[in-house]
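Chain residues, written in single-letter form:
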Amino acid sequence: MNGSPNPSSSTPTPASRHVCGIVPPWLLERIAELDAPQLARAASAARYSLLATRPYRFPEPGSERAADPVRSATAGKRPVSAPQRSIHDARRTETLPGTLVRSEGEPATTDAAVSAAYDGLGDTHAPFAEAFARDSIDGRGLPLLATVHYGDDYDNAFWNGEQMVFGDGDGEVFRSFTSSLSVIGHELAHGVTQYTANLVYEGQPGALNEHVSDVFGALVEQHARREDAASASWLIGEGLFTDEVEGNALRSMLAPGTAYDDDVLGKDPQPAHFDDYVETTDDNGGVHLNSGIPNRAFATLAVALGGNAWERAGLIWYDTLVGGLSERADFATFAAATIAAAAARFGVDSEEHTAVGQAWALVGIEPSV
């Protein structure tokens, strides 16, 4: 069952009607079609997960959104509050938020998913606070709410515009979705995008939406592990696959298209260069596919600059996100904005400014003038 996803004939869905789950719909569709007896539970779980997906509660493109109070000029000056976390248990239902099982400051429970979610929310809050002086997801101290044990073998995790939601996985293809810190950081970063650039969730701006979440998901994991750019894996969703899957993660930022190569799931179809951009109506215009192109640019930049990725490359991307980026920005517009952000923070012709331009050239993106 090798091969890339089969684009559907449906039209892309507006951002406010679509869930930004970590597992793309085309991968769930592939699993849902399996007929192997040993993967019957996984196939059933994938079919259920496709049907149980809940909609965004994001504002419509072009609608009024809260102005982001955090700008690069205030980095290191704005007081940031401590995280306020609450973890709920859906008890295998689709009821949100579910039963409150752990609040901020309370001791750990015996439930591993509760502990992982609680710790993951804190690990995500930390780099936004420490590296970017951002006061939680909205910049105003938004409490961090999460629900675990959502649905029956639910094969995904998502941010719905108000909170994080984690499924337990099917146990045959996917483990619990609290098992990967990059997943937690990725989904909460969708909330940061919601309160800043609010990138439209289709086509190139949608791929950038996914890309930004992959960037900060990776940075959250690296910050928690105190890994520098050179030693980091740059994998998104590492640890999600069971041992039955031939693969390391859902995506590789440094080498898109290499995260998995499995007899059942097929080969990772992400492109690594703009020449291979996928034109499709599936997955809101290929948002989980084409994000591989800017992902490679960022990871390459971070490795080239060295040190901790959140200290230079991450700051440039954060400045871009909060700096008035259009919600319909395409790759060329975003590239130009990152180059301008690098010049503003580090200086024209600085190492950082030059390296950003080189990273975009590597993946075939010519910044818009």
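Up top you'll find the structure we're talking about.
What comes next is a walk through the structure. Bear in mind that the values here come from a model prediction, so they are computed numbers and not experimental data. (Residues numbered from 1 in each chain as written. Predicted model: local features only at pLDDT ≥ 70, side-chain atom pairs only at ≥ 80, totals over all residues. Heavy atoms only, no water.)

## Quick word on the overall build of the protein chain
Next up, step 1: What the protein chain contains, in helices and strands, is 10 helices and 9 strands.
Next up, step 2: In the protein chain, which comprises 369 residues, the proportion classed as buried is 58%.
Next up, step 3: Approximately 13800 Å² of the protein chain is accessible, and the part contributed by carbon and sulfur atoms is 49%. (Helix = DSSP H or I, 4+ residues; strand = E, 2+ residues; numbered from the N terminus. Buried < 20%, exposed > 50% of the residue type's maximum accessible area, 1.4 Å probe, protein only. Areas by Shrake-Rupley, 256 points an atom, 1.4 Å probe, with all protein chains shown as cover.)

## Considerations on the environment of Ile-316
Next up, step 1: With respect to the helices, strands and loops of the structure, Ile-316 is situated in helix H8 (residues 313-322).
Next up, step 2: With relative accessibility at 0%, the residue Ile-316 sits in the buried group.
Next up, step 3: Residues Ile-316 and Ala-344, 28 residues apart in the sequence, show an inter-C-alpha distance of 9.2 Å.
Next up, step 4: Setting aside residues no more than four positions away along its own chain, Ile-316 makes contact with Thr-338, Ala-341, Ala-342, Phe-346, Glu-352 and Val-356. (Contact = heavy atoms within 4.5 Å.)

## A closer look at empty space enclosed by the protein
Next up, step 1: Summed over the entire model, instances satisfying the criterion amount to 3 cavities of 30 Å³ or more.
Next up, step 2: In this model, the largest cavity occupies a volume close to 60 Å³.
Next up, step 3: Lining of the largest cavity is provided by Pro-24, Trp-26, Leu-27, Leu-250, Arg-251, Tyr-260, Asp-268, Gln-270 and His-288.
Next up, step 4: For the lining of the largest cavity, the per-class residue count stands at 5 nonpolar, 2 polar and 2 charged. (1 Å grid on protein atoms, 1.4 Å probe; cavity = no way out; pocket = protein on both sides within 12 Å on 5 of 7 lines; lining within 4 Å. Points joined across faces, edges and corners; volume = space filled by probe spheres on them. Nonpolar A, V, L, I, M, F, W, Y, C, P; charged D, E, K, R; others polar.)

## Section: the nonpolar core
Next up, step 1: Phe-174, Phe-216, Trp-234 and Trp-360 are the most contacted members of the largest nonpolar core, which totals 93 residues.
Next up, step 2: Top element by residues in this core is helix H5 (residues 203-225). It accounts for 8 residues.
Next up, step 3: Beyond its immediate chain neighbours, meaning those up to four positions away, Trp-360 contacts Pro-294, Ala-297, Trp-317, Phe-334, Ala-335, Thr-338, Ile-339 and Ile-365.
Next up, step 4: If you look at the next biggest cluster of nonpolar residues, it comprises 6 residues, including Ala-52, Leu-96, Tyr-154 and Val-165. (Core = buried A, V, L, I, M, F, W, Y, C linked by side-chain atoms within 4.5 Å.)

## Points about the sheet that holds strand E2 (residues 99-103)
Next up, step 1: Reading across the sheet, the 5 strands line up as E2-E1-E3-E5-E4 and stay open at both edges, with mixed pairing between neighbours. Looking at the sheet topology across the chains shown, the edges are occupied by E2 and strand E4 (157-159). Strand-to-strand, the axes of this sheet are offset by a mean angle of 20°, without reference to chain direction.
Next up, step 2: Direction of pairing for strand E3 (residues 144-148) relative to strand E5 (residues 164-166): parallel, over a ladder of 2 bridges. (Pairing = 2+ DSSP bridges. Axes fitted to C-alpha atoms, helices over the stretch in contact; angles between N-to-C directions.)

## Concerning the pairing of E3
Next up, step 1: The buried fraction of E3 amounts to 4 of the 5 residues, a majority that puts the element mostly inside the structure.
Next up, step 2: Across 5 bridges, the pairing between strand E1 (residues 85-89) and E3 is parallel. Within E3, the position partnered with Arg-85 by the bridge is Leu-144.

## Description of the pattern of salt bridges
Next up, step 1: Tallying each qualifying case throughout the model produces 11 salt bridges.
Next up, step 2: Across the pair Arg-92 and Asp-153 runs a salt bridge, and its minimum N-O distance is 3.5 Å. Placement of Arg-92 in the loop between E1 and E2 and of Asp-153 in the loop between E3 and E4 is noted, with a sequence separation of 61 residues between them.
Next up, step 3: One salt bridge connects Arg-175 with Asp-243, and the closest N-O pair in it is separated by 3.1 Å. (Salt bridge = Lys/Arg side-chain N within 4 Å of Asp/Glu carboxyl O.)

## Observations regarding unusual backbone geometry
Next up, step 1: Going from Leu-96 to Pro-97, the amide bond is cis rather than trans, its omega being 5°.
Next up, step 2: Positionally, Pro-97 belongs in the loop between E1 and E2.
Next up, step 3: Phi at Arg-91 takes a positive value of approximately 55°, unusual for a residue other than glycine.
Next up, step 4: Position of Arg-91 among the secondary structure elements: in the loop between E1 and E2.

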